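The primary structure of each chain is shown beneath.
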Amino acid sequence: ISITMAEPTVRMLGKRSSRAIVYGNTATPFGYKRESDGHTHSWTVFVKPYHYEDETRWIKKVQFKLHESFANATRVVEQPPFEVTESGWGEFEVHIRIYFTDPNEKSVTAYHYLRLYQPVVTMPDGSNIVSFEFYDEIVFNEPTRLMWGALSAPYKKCDRARFTHDLRGQKEQVLEKIEAAKGELGREIEDLRESLREAHRLMLKYSDILEDSAPGTPRASVSRN
Ligand code: V91
């Protein structure tokens, strides 16, 4: 009888590492409605690293959960490319669950609403396809020693032409929106401050009126700064 002691999971305390990913779908219309099943589009849902890298160092497998009306709705892809190509007639939410090479790291799930009609993008070869993709980052807080090793492998810079969307441009747009929202909030806060000051002036006014009409009557104190 051989007894194997389970090795305790060693975590890298105080360490953090992250990986950039892109997930989404592409779709192309058949151009007609297929008689046999009513399908109108073929599509591919995917997750891939944003940078050029061997993602198998840290991604073990990806589970794509399609609408339950699909045959074998749960599809597991064990090797890159982590994608599922199917056909259908409508849009629905796909659950993309990423499992890591160290099973002690909890899997993460991205929810992607599969799009068949919009947005249409023009590919370098001039063809038009529907493509809907998102940039995201997976953050590993205090990863296991195994995971830390896998994540410390270098990766090359991204060739943005790999993606149909200008993800960097999107980032700029999001930052601009955040700045605009900050300004707007600042103005709203200033408005509220002014309302408070006005309410305070009223309080002082009525406090004085009360003092004049009923001198010496105890009242809640009103600060006069
Ligand atoms: C939608 C299932 C091909 C409804 C309104 C879809 C599944 C779920 C969908 C699909 C919603 C599979 C089938 C019979 C034949 C807006 N397929 N949900 N083939 N979006 O495309 O479309 S679409 S079931």
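Structure: see above.
Below: a short report on this structure. Note that the structure is a prediction, hence the values are computed from the model and not measured. (Residues numbered from 1 in each chain as written. Predicted model: local features only at pLDDT ≥ 70, side-chain atom pairs only at ≥ 80, totals over all residues. Heavy atoms only, no water.)

### Points about the packing of aromatic side chains
Then, in step 1: Under the definition given, this model contains ten aromatic pairs.
Then, in step 2: Ring geometry for Trp 43 and Phe 92: centres 6.0 Å apart, planes at 70°, overall edge-to-face. Here Phe 92 lies in the loop between strand E5 (82-88) and strand E6 (93-100) and Trp 43 lies in strand E2 (residues 41-49), a separation of 49 residues in the sequence.
Then, in step 3: Phe 92 sits in the buried class, given a relative accessible area of 9%.
Then, in step 4: Here Phe 100 and Phe 140 contribute two aromatic rings whose centre-to-centre distance is 4.9 Å and whose plane-to-plane angle is 75°, an arrangement assigned as edge-to-face. (Phe/Tyr/Trp six-rings, centres within 6.5 Å; stacked < 30°, edge-to-face > 60°. Helix = DSSP H or I, 4+ residues; strand = E, 2+ residues; numbered from the N terminus. Buried < 20%, exposed > 50% of the residue type's maximum accessible area, 1.4 Å probe, protein only.)

### Brief notes about the layout of surface pockets
Then, in step 1: The computed volume of the largest pocket comes to approximately 340 Å³.
Then, in step 2: If you trace the largest pocket, you find 22 residues lining it, with Phe 46, Lys 48, Glu 133, Arg 162 and Phe 163 closest to the centre.
Then, in step 3: Classifying every residue of the lining of the largest pocket by side-chain character gives ten nonpolar, six polar and six charged.
Then, in step 4: Space inside the second largest pocket adds up to approximately 230 Å³.
Then, in step 5: Together, Tyr 50, Tyr 135, Glu 137, Leu 167, Arg 168, Gln 170, Lys 171 and Val 174 line the second largest pocket.
Then, in step 6: Contributions of two or more residues to the lining of the second largest pocket are made by strand E9 (128-141) and helix H2 (167-213).
Then, in step 7: Across the lining of the second largest pocket, the residue classes break down as four nonpolar, one polar and three charged. (1 Å grid on protein atoms, 1.4 Å probe; cavity = no way out; pocket = protein on both sides within 12 Å on 5 of 7 lines; lining within 4 Å. Points joined across faces, edges and corners; volume = space filled by probe spheres on them. Nonpolar A, V, L, I, M, F, W, Y, C, P; charged D, E, K, R; others polar.)

### Quick word on the pattern of salt bridges
Then, in step 1: A full pass over the atoms with the stated rule returns ten salt bridges.
Then, in step 2: The salt bridge involving Arg 19 is made with Glu 53; its shortest N-O contact spans 3.1 Å. Taken together, the residues span a long stretch of sequence, with Arg 19 in strand E1 (residues 16-29) and Glu 53 in the loop between E2 and strand E3 (59-65) at a distance of 34 residues. The residues Arg 19 and Glu 53 share a single accessibility class, namely buried.
Then, in step 3: Each of Glu 190, Arg 193, Glu 194, Arg 197, Glu 198 and Arg 201 takes part in salt bridges that share partners, so that together they form one network. (Salt bridge = Lys/Arg side-chain N within 4 Å of Asp/Glu carboxyl O.)

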